[in-house]
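Inside the fold
If you want the building blocks of each chain, they are given just below.
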Amino acid sequence: MFTEKSMFLVGVTGYLKPDTSHLPAIRQQVRNILLFLRDGGDAPATTLPAEAPARLADWLAQRLGPKKLDSKLFRCYRHALRQWKPLKNTPIAVMSALAPGADSIVAQEAIDLGMTVTAPIAFPQAHYRNSSSFVWTDATAEENEQRQQTFDQLAAASKVFPVPLSTEEGLSPSERDAAAAVDLKALNAEGSPRRHDRYYAAGEYIASYCHLLLAIWDGEFESSDVGTSAIVLTRLR
């Protein structure tokens, strides 16, 4: 899939509906992580209006390590982060399924920084934009349309491809498209929506192939076999 010279792949998984009050901080943290990978720890961090200027190594150490800035452990984190060699000659590509929320936030930050975005998605593009990821039953038609338009814009700036299921091996593109259309509403043998199998397949692909996975969530593991916690567990295995 990645036929250019070697890339450093940053995957993303996370909530469809992050708390809106957290969005500025989430965007800042995502941007600073991407800047750190590209420019190294001595580069200046993106700061919010109430924050003092900081270098990326110090900014990250404060969030990854303990809160006390004079602690020995904090200094260890900062020292380790300062050793990171910036990826000046290695392209950084973000892998995002382009769903609303976490996926879209990370993809947009990457695009704004001039990075490549590769989008392994759960369905062929025309079906995906009409899936439950974008068309919410508790939202207005205008809100759903806005989510679809955001997806279209991000997809136009990304390398998009649907992740096929193992059961689709040997099928023609038209047969795969027909199967995906059925899976939007059908149930699997366990009585669960078959679309969940496709969502998990796309998330599993990202978790398996990325070098670094950004998980934007509350850190609570759930019993669900699909969703952010399931993808994080896939990465940890």
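Everything quoted here is computed from the prediction, not taken from an experiment.

Some thoughts on the sheet that holds strand β1 (residues 8-14)
- Pairing within the open sheet is parallel, and its 5 strands lie in the order β4-β3-β2-β1-β5. With partners counted over all chains shown, the strands left at the sheet margins are β4 (159-162) and β5 (212-216), one partner each. Strand-to-strand twist across the sheet, computed as the mean angle between neighbouring axes with direction ignored, equals 20°.
- In the sheet, β1 pairs with strand β2 (residues 92-95) via 4 bridges, with the strands oriented parallel. Residue pairing across strands places Val10 opposite Val94, the latter belonging to β2.
- Strands in contact with helix α4 (residues 102-112) are β1, β2, β3 (116-121) and β5; relative to β1, the strand with the most contacts, it is inclined by about 150°.

Digging into the environment of Phe36
- Turning to its location among the elements, Phe36 is positioned in helix α1 (residues 23-39).
- Phe36 sits 158 residues away from Arg194 along the chain, and the two C-alpha atoms are 39 Å apart.
- For Phe36, the residues in contact, after removing those within four places along its chain, are Gly41, Leu56, Leu60, Leu81 and Trp84.

Brief notes about the nonpolar core
- Judged by nonpolar contacts, the single largest core of 65 residues is most densely connected at Val10, Leu34, Leu98 and Tyr128.
- When near neighbours in sequence (up to four residues on either side) are disregarded, Leu34 contacts Val10, Ile92, Val94, Glu109, Ala110, Leu113 and Met115.

Digging into the pattern of salt bridges
- This model, assessed by the stated rule, comprises 11 salt bridges.
- Here Arg38 and Asp39 are joined by a salt bridge, their closest N and O atoms 2.9 Å apart.
- Owing to a relative accessible area of 28%, Arg38 belongs among the partly exposed residues under this scheme.
- Overall, Asp39 belongs to the partly exposed group, its relative accessible area being 23%.
- Each of Glu168, Asp183, Arg194 and Arg198 takes part in one network of salt bridges that share partners.

Description of helix α6 (residues 141-156)
- Helix length check: α6, at 16 residues, gives a terminal C-alpha distance of 22 Å against a target of 22 Å (1.5 Å per residue), a fit within 8%.
- On its buried face, α6 is in contact with α4, α5 (125-128) and β4.

Concerning the confidence of the model for the chain
- Per-residue pLDDT for the chain averages 89, and the proportion of residues at 70 or more is 94%.
- Per-element confidence in the chain ranges from a low mean pLDDT of 83 for helix α3 (residues 72-82) to a high of 98 for α4.

Notes on the packing of aromatic side chains
- Counted under the stated rule, the structure contains 9 aromatic pairs.
- Seen from their ring centres, Phe8 and Trp84 are 6.2 Å apart, and the 80° between their planes marks the pair as edge-to-face. Of this pair, Phe8 sits in strand β1 while Trp84 sits in the loop between α3 and β2, and the two are 76 residues apart along the sequence.
- Members of the aromatic cluster, each reached through a chain of ring pairs, are Phe8, Phe36 and Trp84.
- Its end group placed over the ring of Trp136, Lys17 keeps NZ or CZ at 4.4 Å from the ring centre.
- Here the guanidinium or amino end of Arg147 rests over the ring plane of Trp136, the centre of that ring lying 3.5 Å away.

A look at the environment of Ser166
- With respect to the helices, strands and loops of the structure, Ser166 is situated in the loop between β4 and α7 (173-183).
- Residue Ser166 is classed as exposed on the basis of its relative accessible area, which comes to 67%.
- Taking the C-alpha atoms as reference points, Ser166 and Ser229, separated by 63 residues in sequence, lie 22 Å from one another.

Remarks on the environment of Gln28
- Along the polypeptide, Gln28 turns up in helix α1.
- For Gln28, a relative accessible area of 5% gives the class buried.
- Placed 129 residues apart in sequence, Gln28 and Ala157 show a C-alpha to C-alpha distance of 21 Å.
- Contact partners of Gln28, with chain neighbours within four places excluded, come to Thr46, Thr47, Leu48, Glu51 and Trp59.

About the cut-offs
Residues numbered from 1 in each chain as written. Predicted model: local features only at pLDDT ≥ 70, side-chain atom pairs only at ≥ 80, totals over all residues. Heavy atoms only, no water. Pairing = 2+ DSSP bridges. Helix = DSSP H or I, 4+ residues; strand = E, 2+ residues; numbered from the N terminus. Axes fitted to C-alpha atoms, helices over the stretch in contact; angles between N-to-C directions. Contact = heavy atoms within 4.5 Å. Core = buried A, V, L, I, M, F, W, Y, C linked by side-chain atoms within 4.5 Å. Buried < 20%, exposed > 50% of the residue type's maximum accessible area, 1.4 Å probe, protein only. Salt bridge = Lys/Arg side-chain N within 4 Å of Asp/Glu carboxyl O. Expected span 1.5 Å × (residues − 1). pLDDT = per-residue confidence, 0-100. Phe/Tyr/Trp six-rings, centres within 6.5 Å; stacked < 30°, edge-to-face > 60°. Lys NZ or Arg CZ within 6 Å of the ring centre and 35° of its normal.

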